[in-house]
Amino acid sequence: MSEGHDHSHLSDTELRVRSLESLLVDKGMVNPDALDALIQTYEHKVGPQNGARVVARAWVEPEFKAWLLDDATAAIADMGYHGRQGEHMYVVENTGEVHNLVVCTLCSCYPWPVLGLPPTWYKSAPYRSRAVIDPRGVLAEFGTEVGADVAVRVWDSTAELRYLVLPERPEGTEGMSQEDLGALVGRNAMIGVEKVSAP
Amino acid sequence: MSEGHDHSHLSDTELRVRSLESLLVDKGMVNPDALDALIQTYEHKVGPQNGARVVARAWVEPEFKAWLLDDATAAIADMGYHGRQGEHMYVVENTGEVHNLVVCTLCSCYPWPVLGLPPTWYKSAPYRSRAVIDPRGVLAEFGTEVGADVAVRVWDSTAELRYLVLPERPEGTEGMSQEDLGALVGRNAMIGVEKVSAP
Amino acid sequence: MNGAHDLGGMHGLGPIDAEIDEPVFHHEWESRVLALTLAAGAMGKWNIDISRHARENQPPGTYLASSYYQIWLVGLEKLLVQADLISEDELSSGKSAGPLSEDLAKRALRAGAVPEVLARGDNFTMDDEIPAQFAVGDRVRVLNNHPTHHTRAPRYTRGHVGVIERCHGVFVFADENAKRQNNRIPQNIYSVCFTAQELWGPDAAPKDCVYVDLWDGHLEAVE
Amino acid sequence: MNGAHDLGGMHGLGPIDAEIDEPVFHHEWESRVLALTLAAGAMGKWNIDISRHARENQPPGTYLASSYYQIWLVGLEKLLVQADLISEDELSSGKSAGPLSEDLAKRALRAGAVPEVLARGDNFTMDDEIPAQFAVGDRVRVLNNHPTHHTRAPRYTRGHVGVIERCHGVFVFADENAKRQNNRIPQNIYSVCFTAQELWGPDAAPKDCVYVDLWDGHLEAVE
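Please read all numbers here as calculations on a predicted model, not as lab measurements. (Residues numbered from 1 in each chain as written. Chains lettered and ligands numbered in written order. Predicted model: local features only at pLDDT ≥ 70, side-chain atom pairs only at ≥ 80, totals over all residues. Heavy atoms only, no water.)

1. Description of the overall build of chain A
On a plain count of helices and strands, chain A comes out with eleven helices and four strands. Across the 199 residues in chain A, those meeting the buried criterion constitute 57%. Across chain A, contacts joining residues at least 24 apart in sequence account for 69% of those joining residues at least 6 apart. Surface exposure of chain A reaches about 7,800 Å², of which carbon and sulfur atoms provide 48%. Side chains of chain A give 17 positive and 29 negative charges; the mean places of these two sets differ by 4 Å. (Helix = DSSP H or I, 4+ residues; strand = E, 2+ residues; numbered from the N terminus. Buried < 20%, exposed > 50% of the residue type's maximum accessible area, 1.4 Å probe, protein only. Contact = heavy atoms within 4.5 Å. Areas by Shrake-Rupley, 256 points an atom, 1.4 Å probe, with all protein chains shown as cover. Lys, Arg positive; Asp, Glu negative; His and termini not counted. Charge placed at Lys NZ, Arg CZ, Asp CG, Glu CD.)

Spelled out as structure tokens, the structure:
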């Protein structure tokens, strides 16, 4: 498909969205300022920095980590993250023996309160199709090597449980503050397609 | 998709085919008159009238019918029909207890020497997807009722065997000639989506 | 439904193509589709499973050729018409034939309520005390059903045997919830562990597993 | 490969839409694609399984959005380039960079040979005496393999148990034949009968069956 064709297609979509929005506003179904508030929330307030803080705290506070693995919903809510698409949380821990990977093969379920909205690749057919049948191929594509002696566990988010991967704390970060540790933790590591590296 | 859009798309395809044909002719890979001869064959010479003759003969000659059910390839070749996409034939008989239906879920395998080229619906995703999981729904869509006491047998043409359904001879055709009987037998009845009706 | 959305195990969809420093939205219209979908949900006319079905129930070729927010847009239009919140005419013309009833208009999400509504989320658990059919460690088989309606048992698990890893408690059964509003059947959800070899054959990595969340209604005991 | 071509059991693809008094071809270009494909086959550079794989090995969204002869066209272009019969440049420009070698040019199908070539067809049987692994009446399970290459064991049969209805004899094994020219492995083909309930669950009609032709390499014995 040519670029030109693609652009004209997006343009059609754009017109369609504008038409729908103005219709719903005219009917009194949606308030434009509520739409703006929703967008602001996911563009600026809620994102993977939330999950990174959860991970960093689990790395430095053994009791919090135990709570997180036992009752993720409560432990994460304790940090102020809860609500839509994160109502029921479950945290899976990476170790030297286990590497976890999260997917939603049927749609694109994702833990919004801790990671924000999912990236395009997470919602894409290639990731959704391959993560369960070829997780090691997917990991390799992200540059992530997992030895044959390590078990890869894939979590398919088919219900209302939302999964967060607790990555391994990298070696050589013993002296770092919780805040600095959080800055090391990227979104991809909390989905499980990458590991966290020391700075 | 609009009609206009659809037409411009076909036009692109048309240009692409013309370009490929002229390239292959220029390279000496294909002879235009051989292409014409191939097309003539399937437009005018080979078609469901062949299969209809096989069916009509089986209806009037019990020995031929026995041969057809035992060794379809040989019996059909005896009538002059053999070759490409009909190298290995198998005939399945409809009775009061059994109704047969032929599909190729993986591509569009079809017995060319006896039925010609397949109709579009046979090659379409709706037929290929539904024939194996919902054969009775497919039959109903063709207006064909099959009682719950009748077993529906679906033949998925996954190998190089090609299937022809031998439909039930309709009642009230006892006095008809083999040729007149053949005229009753349509392509859809030999695929198994319809029955043969008396005139 | 065995639709194009049920992607687990499909081949040929290409490399993953992750974008570096990806923005939250690539086009302004995407953000509007997200926000319109969330805001229209305040009408209370559908639940998450009805909306998932509206999105997945598209011709497979269209589904696979669409971007994520294009799928959401088509889903939202369908939901609005199905729920009689707008008419086909209004949708195609973009012109309102009249305002919502007062009752419905009162439900419209206000900007000030956004933080609270998002922070509250939905509740998918149910208080009914449904005894768990299976215990941790039990072997279970996913029923080999092929419903034409919405189901959260992916096709790649059907007929396969796994082990109960955890019982998550009693939740709304999504497959029934998708059929209509307020069709809330309580069932236990289990995390079921399938070995990769059970799902994909002997060439799969021997230690690897796939965990799938399934409801009582998807499972049967294995001797 | 678990591709979009493997359609058995998919939902949502719509009604069948059979056309009354359908012509053999709907557009002249369709007849040219058919004829070009048959004629180019005379070069002897591929077999039917290689050509099937060329057609099915497309992005699923493209496959489902394409008509039958559009799929054939894409497949033919791919086969010609893969076999080095034409270059990418020649394909995109439509201009020949030079004629075929004399050897290949001699193989070009002549109009006079068409009736004989079509009447002869191919031979997919093999003379090797491979003992049949299974006898009529045996219960067999389709191996739950998910190869990324061409296979003629449809996904809807994988892992399911059927009964041998008939042994068709020794044929070329399509899955291997598709990998390259002259990779002819002899195997028995069986017609395997699966009950509809085995494939699709207890809601299927109790007397209905699906018969699938499968090779030795697709099957294992069931106790």
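2. Regarding a negative patch on the surface
Residues and elements named next belong to chain A. Together, E97, D149, E168, E171 and E174 make up a negatively charged patch on the protein surface. By secondary structure assignment, the location of E168 is in the loop between β4 (161–166) and α10 (178–184). Classification of E168 as partly exposed rests on a relative accessible area of 38%. (Patch = residues over 30% accessible without salt bridge, like charges linked within 9 Å, V, L, I, M, F, W, Y side chains within 5 Å. Salt bridge = Lys/Arg side-chain N within 4 Å of Asp/Glu carboxyl O.)

3. A word on the domain arrangement of chain C
Interfaces are frequently sized by the accessible area removed from exposure as the parts join. Residue and element names in this part refer to chain C. Partitioning chain C into domains gives domain 1 (28–120) and domain 2 (139–221). In this structure, domain 1 and domain 2 have C-alpha centres spaced 29 Å apart. Counting residues at the interface gives nine residues for domain 1, matched by eight residues for domain 2. Carbon and sulfur atoms supply 43% of the area buried between domain 1 and domain 2, which totals about 720 Å² over both sides. Our count for the contact surface shared by domain 1 and domain 2 stands at zero salt bridges. The tally of links from domain 1 across to domain 2 stands at six residue pairs in polar contact (both at pLDDT 80 or more). Classifying every residue of the side of domain 1 that touches domain 2 by side-chain character gives two nonpolar, three polar and four charged. (Domains from an automatic or database assignment. Buried area = accessible area lost by both parts, 1.4 Å probe. Polar contact = N/O pair within 3.5 Å; in protein donor to acceptor, adjacent residues only side chain to side chain. Nonpolar A, V, L, I, M, F, W, Y, C, P; charged D, E, K, R; others polar.)

4. Some remarks on the domain arrangement of chain A
Partitioning chain A into domains gives domain 1 (12–44) and domain 2 (48–191). Centre-to-centre separation of domain 1 of chain A and domain 2 of chain A, based on C-alpha positions: 31 Å.

5. A closer look at the environment of T13(A)
Mapped onto the elements, T13(A) comes out in helix α1 (residues 3–26). What T13(A) contacts, discounting residues up to four positions off in sequence, is W29(C), Q70(C) and L73(C).

6. Digging into the sheet that holds strand β3 (residues 186–195) of chain D
Pairing is mixed in the open sheet, where seven strands are placed in the order β2(B)-β3(B)-β4(D)-β3(D)-β2(D)-β1(D)-β5(D). This sheet does not close on itself; its edge strands, each paired only once, are β2 (98–103) of chain B together with β5 (219–221) of chain D. Geometrically, the sheet is characterised by an average inter-axis angle of 35 degrees between neighbouring strands, direction not taken into account. As paired elements, strand β2 (residues 161–172) of chain D and β3(D) share eight bridges and run antiparallel to each other. What sits directly across from V163(D), in β3(D), is C193(D). In the packing of helix α8 (residues 125–133) of chain B onto the sheet, contacts are made with β2 and β3 (151–156) of chain B together with β4 (209–215) of chain D, and the angle to β2(B) comes to roughly 145 degrees. (Pairing = 2+ DSSP bridges. Axes fitted to C-alpha atoms, helices over the stretch in contact; angles between N-to-C directions.)

7. Describing the confidence of the model for chain A
When pLDDT is averaged along chain A, the result is 94; 95% of the residues meet or exceed 70. Per-residue pLDDT stays below 50 along residues 1–8 of chain A; that stretch engages in one contact with residues further than four places along the chain or on separate chains. (pLDDT = per-residue confidence, 0-100.)

8. Quick notes on the pattern of salt bridges
Considering all chains together, one arrives at 32 salt bridges over all chains under this definition. Note that E90(C) is salt-bridged to K27(A), the shortest N-O span being 2.6 Å. Highlighted residues: E90(C) in helix α5 (residues 88–93) and K27(A) in the loop between α1 and α2 (32–45), drawn from two different chains. By the burial criterion, E90(C) is buried, and K27(A) matches it.

9. Focus on the nonpolar core
Taken as a class, soluble globular proteins show a tendency for nonpolar side chains to be buried jointly. Within the largest apolar cluster, 127 residues are counted, with the highest numbers of intra-cluster contacts made by M29(B), Y127(B) and L80(D). Those residues in contact with Y127(B) that sit more than four places away from it in its chain are L101(B), V102(B), V103(B), W121(B), Y122(B), V138(B), I191(B), V193(B) and I16(D). In this structure, A52(A), Y110(A), I50(C) and Y211(C) belong to the second largest nonpolar core, which totals 126 residues. (Core = buried A, V, L, I, M, F, W, Y, C linked by side-chain atoms within 4.5 Å.)

10. Topic: the interface of chain D and chain B
Contact residues are listed per partner, giving 89 residues for chain D and 79 residues for chain B. On the surface where chain D and chain B come into contact, there are six salt bridges. Partitioning the side of chain D that touches chain B into residue classes produces 52 nonpolar, 18 polar and 19 charged. Sheet topology places β3(B) next to β4(D); four bridges connect them, and they run parallel. When the bridges of β4(D) are listed, R153(B) appears paired with C209(D).

11. Brief notes about the interface of chain C and chain A
Facing 89 residues of chain C, the contacting portion of chain A comprises 79 residues. Between chain C and chain A, the buried area comes to about 7,300 Å², and carbon and sulfur atoms account for 62% of it. Contact with chain A buries area across many residues of chain C, yet I16(C), R32(C) and Y211(C) alone supply 11% of it, more than any other trio. Scanning the region where chain C abuts chain A turns up six salt bridges. Residue D36(A) is joined to R32(C) by a salt bridge in which the shortest nitrogen-to-oxygen separation is 2.9 Å. Taken together, the links from chain C to chain A amount to 34 residue pairs in polar contact (both at pLDDT 80 or more). Residues belonging to the side of chain C that touches chain A are distributed by class as follows: 52 nonpolar, 18 polar and 19 charged.

12. Notes on the sheet that holds strand β3 (residues 151–156) of chain A
If you walk across this open sheet you meet the seven strands as β2(A)-β3(A)-β4(C)-β3(C)-β2(C)-β1(C)-β5(C), and the pairing is mixed. Here the strands that pair on one side only, and so sit at the sheet edges, are β2 (98–103) of chain A together with β5 (219–221) of chain C. Ignoring strand direction, the axes of neighbouring strands in this sheet form an average angle of 35 degrees. Bridge count between strand β1 (residues 139–142) of chain C and strand β2 (residues 161–172) of chain C: three bridges; the pairing is antiparallel. Its bridge partner being in β2(C), R139(C) is matched across the sheet by V163(C). The strands touched by helix α8 (residues 125–133) of chain A are β2 and β3 of chain A together with β4 (209–215) of chain C; relative to β2(A), the strand with the most contacts, the crossing angle is about 145 degrees.

13. Some points on unusual backbone geometry
Even without being glycine, D17(C) reaches a positive phi, approximately 60 degrees. For D17(C), the location among the structural elements is in the segment before α1 (28–40). Relative accessible area serves as the criterion here: at 68%, D17(C) is assigned to the exposed category. Positive phi, close to 50 degrees, is recorded for D21(D), a residue that is not glycine. Here D21(D) shows up in the segment before α1 (28–40).

14. As for the packing of α2(A) against α1(C)
Relative to each other, α2(A) and α1(C) sit at 115 degrees, their axes nearing to 9 Å. When the axes of α2(A) and α1(C) are compared, the pair comes out roughly perpendicular. Of the two possible hands of crossing, α2(A) and α1(C) adopt the one that is right-handed. From α2(A), P32(A), L35(A), D36(A), L38(A), I39(A) and Y42(A) reach across to α1(C), where they touch S31(C), R32(C), L34(C), A35(C), L36(C), L38(C) and A39(C). (Parallel < 35°, antiparallel > 145°, perpendicular 65-115°, else oblique. Left-handed = near helix turned anticlockwise from the far one by under 90°.)

15. Let's talk about the side chain of T157(D)
Residue and element names in this part refer to chain D. On the secondary structure map, T157 appears in the loop between β1 (139–142) and β2. Taking relative accessible area as the criterion, T157 reaches 0% and is therefore assigned buried. A polar atom in the side chain of T157 sits 2.8 Å from the backbone oxygen of P154.

16. Here we look at the packing of α1(C) against helix α4 (residues 68–82) of chain C
Residues and elements named next belong to chain C. Here α1 crosses α4 at 35 degrees, and the two axes come no closer than 10 Å. Seen from above, α1 lies across α4 with left-handed handedness. The segment α1 lies against α4, with W29, E30, V33, L34, L36, T37 and A40 engaging Y69, Q70, W72, L73, L76 and L80. Of the residues in the contact of α1 with α4, the class split is ten nonpolar, two polar and one charged.

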